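# Chains, contacts and geometry: an overview
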Amino acid sequence: NPTLNRSTVEVVSISTNAKMASFQFPGFYEMPPSFTLQPVLNTRKKQLQLWSDLVLDYCKFHKKYELDLTEEERQTNNNGKSIFFNSKINRKLNLEMIKLIVEELVSQGNGEWQNGKEKNRVSIYWRSSSLNPDQKGVVGFVGVS
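About the criteria used
- Residues numbered from 1 in each chain as written.
- Predicted model: local features only at pLDDT ≥ 70, side-chain atom pairs only at ≥ 80, totals over all residues.
- Heavy atoms only, no water.
- Core = buried A, V, L, I, M, F, W, Y, C linked by side-chain atoms within 4.5 Å.
- Buried < 20%, exposed > 50% of the residue type's maximum accessible area, 1.4 Å probe, protein only.
- Helix = DSSP H or I, 4+ residues; strand = E, 2+ residues; numbered from the N terminus.
- Contact = heavy atoms within 4.5 Å.
- Pairing = 2+ DSSP bridges.

## Description of the nonpolar core
With 25 residues, the main nonpolar core has Trp51, Val55, Phe84, Leu93, Ile101 and Ile124 as its most contacted residues. Taken together, the elements giving at least two residues each to this core come down to helix 2 (41-62), helix 4 (95-107) and strand 5 (121-124). The dominant element in this core, judged by the number of residues it contributes, is helix 2, at 7 residues. What Trp51 contacts, discounting residues up to four positions off in sequence, is Phe28, Tyr29, Ser34, Phe35, Ile83, Phe84, Leu93, Met97 and Ile101.

## Side note on the pairing of strand 5
In this structure, strand 1 (residues 66-68) lies alongside strand 5, joined through 3 bridges in antiparallel fashion. Across the sheet, Asp68 pairs through a bridge with Arg121, a residue of strand 5. Looking at chain direction, strand 4 (residues 111-113) and strand 5 are connected through 3 bridges and run antiparallel. Note on strand 5: the bridge partner recorded for Glu112 is Ser123.

## Comments concerning unusual backbone geometry
Although it is not a glycine, Lys63 sits at a positive phi angle of roughly 55 degrees. Assessed through its relative accessible area of 60%, Lys63 is described here as exposed. The backbone of Lys119 sits at a positive phi, close to 50 degrees, despite the residue not being glycine. Look at Lys119 and you get partly exposed, because its relative accessible area is 29%.

So, in structure tokens, the structure goes:
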């Protein structure tokens, strides 16, 4: 039996904590068809819902409150860090599909376009999907008198 010294235990502890702190992508993220807009309406609805849930979970995990779609597209095209690019399978979403996902979030009350017609920046509301955007900023004051 090898003996563990203090430094060995600390290294194991640090690497375990780092693994626990990383975001876990859902299974569909590893499937190439997930990165192509599906032609069958029911399949597309499910696909957009899965991506919407992923974006909410990802933003919540990383405490992100907005997405810049221009920057996301730039990162995706340069094979950088983006939720919309999976380097393991070398697949990425195009801007059209990213906007469809964000539109789904907005329609569910989990997002709001920040710049109207341009639609390239969106606020993400991951704290509670049951409140409309006007109520979300008031959540912290409920019950305070």
